[in-house]
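One letter stands for each residue in the lines below.
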Amino acid sequence: MEVPKRLPIGPSAPVASRTPSDTDPLPRATRSGRADSTDGPLLTVRGPLSVDLEVPESLKEASRSTAVVALLAGEALTKRFAGVTAVSNISFEIAEGEILGLIGPNGAGKSTLFALLSGMLAPTSGRIVFKGTNVTRWAPHRRCHHGLVQTFQLAQAFPDLTVEQNVRVGALFGAGRRRKGERSVLTVDEVLEMTDLADRRSARSNELTLAGRKRLEVARALAASPQLLLLDEVMAGLNPAELAEIVEIIRRIHARGITLLVTEHVVESLFQLIDRVLVLHHGQLLFTGDVRAASQDPAVVEAYLGRADAAAAASA
Ligand SMILES: Nc1ncnc2c1ncn2[C@@H]1O[C@H](COP(=O)(O)OP(=O)(O)O)[C@@H](O)[C@H]1O
Ligand SMILES: [Mg+2]
């Protein structure tokens, strides 16, 4: 007899690759917010309870190894300013190893959400769980030491320092995390190479072009050796050649095993990088999922992708 069954693998499972460890301090159900898909019984049987199902140990083991935990989870995050709810009850996960996109019209709440994640702003309510730890009330530098690092929409390099000195400042911020046995730490030279700034290392940062300053902003964040890097509009104002370069740089960063959350107005370039996207609108999460599905979602199209260039990018 055919018995309908559901294993916690396949398309319905979260895409994260990190396996939960016994040392994680929080129960998985509260951390992932998706208790039904990741934390339920290994095998769910719909039908008479008397059905006897034998699941081979090997299959159980394979299934367990794909049971996964988000690198970061935002849980019912809300941020109110006087009279404005900039971020309204948003829940989402970022899987280890992915590049997740965040888009939405101006004023949608993207920068506010980033500020909540990096700790520049405290949420009015909700939680942020990073690597299984509730970091909601942690200061930005502590999150940074823990591997959660943000760039800022307005580049803030020290103008009178050289490119290399600016990157060294970024490296100092990550220094608290350089404990024995932690993941590899990027050297300043590696960071300069990865961001195509090696030949400009002795230039003062205020001598750089806009594209150079954007790359320096990425470099300073990268020097802190993030595990999750939050990039806020690093493509704004760049010409097509510069856009292609920054896309390549983000790919390089990703290839080093760094997980990314990227928000951009330049969706054509962003969509070259991501599989999954969050769409914000008026502070609310309008859509989460596959980029192609987003481009066909009527609410997303109406709110944002209706613009001809964006729609073209989504279907490219
Ligand atoms: N510090 C603040 N004080 C008051 N309102 C703010 C503040 N920061 C952002 N907002 C408001 O929150 C909303 C979301 O802004 P923001 O997060 O910057 O959007 P986005 O980055 O998507 O353009 C906007 O209405 C904005 O005016
Ligand atoms: Mg913004």
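First, a word on what this report is: a plain description of the structure on this page. (Residues numbered from 1 in each chain as written. Chains lettered and ligands numbered in written order. Predicted model: local features only at pLDDT ≥ 70, side-chain atom pairs only at ≥ 80, totals over all residues.)

Regarding the site of ligand 1
Taken together, the neighbourhood of ligand 1 is formed by Phe-81, Val-84, Ala-86, Gly-104, Asn-106, Gly-107, Ala-108, Gly-109, Lys-110, Ser-111 and Thr-112. In terms of residue count, helix α4 (residues 110–118) provides more of the shell around ligand 1 than any other element does, 3 residues in total. Grouping the constituent residues of the shell around ligand 1 by class yields 4 nonpolar, 6 polar and 1 charged. (Near = placed C-beta within 6 Å. Helix = DSSP H or I, 4+ residues; strand = E, 2+ residues; numbered from the N terminus. Nonpolar A, V, L, I, M, F, W, Y, C, P; charged D, E, K, R; others polar.)

Quick word on unusual backbone geometry
Located in the positive-phi region is Ala-76, a residue other than glycine, with phi close to 50°. If you trace the backbone, Ala-76 turns up in strand β3 (residues 72–81). Given 13 C-beta atoms within 10 Å, Ala-76 falls into the partly exposed group. Not every positive phi belongs to a glycine, and Ser-225 is a case in point at roughly 50°. With respect to the element layout, Ser-225 can be found in the loop between α8 (210–222) and β9 (228–232). Assessed through the 28 C-beta atoms surrounding it within 10 Å, Ser-225 is described here as buried. (Buried ≥ 20, exposed ≤ 12 C-beta atoms within 10 Å, placed from the backbone.)

Description of the sheet that holds strand β7 (residues 133–134)
Strand order in the open sheet formed by 4 strands is β4-β3-β6-β7, and the pairing between neighbours is antiparallel. Because the sheet does not close on itself, it has two edges, and the strands there are β4 (84–94) and β7. With 7 bridges joining them, β3 and β4 adopt antiparallel strand pairing. Note on β4: the bridge partner recorded for Arg-80 is Thr-85. Across the sheet, α4 lies against β3, β4 and β6 (125–130), angled at about 60° from β4, the strand it touches most. (Pairing = 2+ DSSP bridges. Contact = placed C-beta atoms within 7 Å. Axes fitted to C-alpha atoms, helices over the stretch in contact; angles between N-to-C directions.)

Structural notes on α4
For α4, the buried fraction is high: 9 of the 9 residues fall into the buried class. Trailing α4 by a residue or two, Gly-119 shows a phi angle of about 95°, which is positive.

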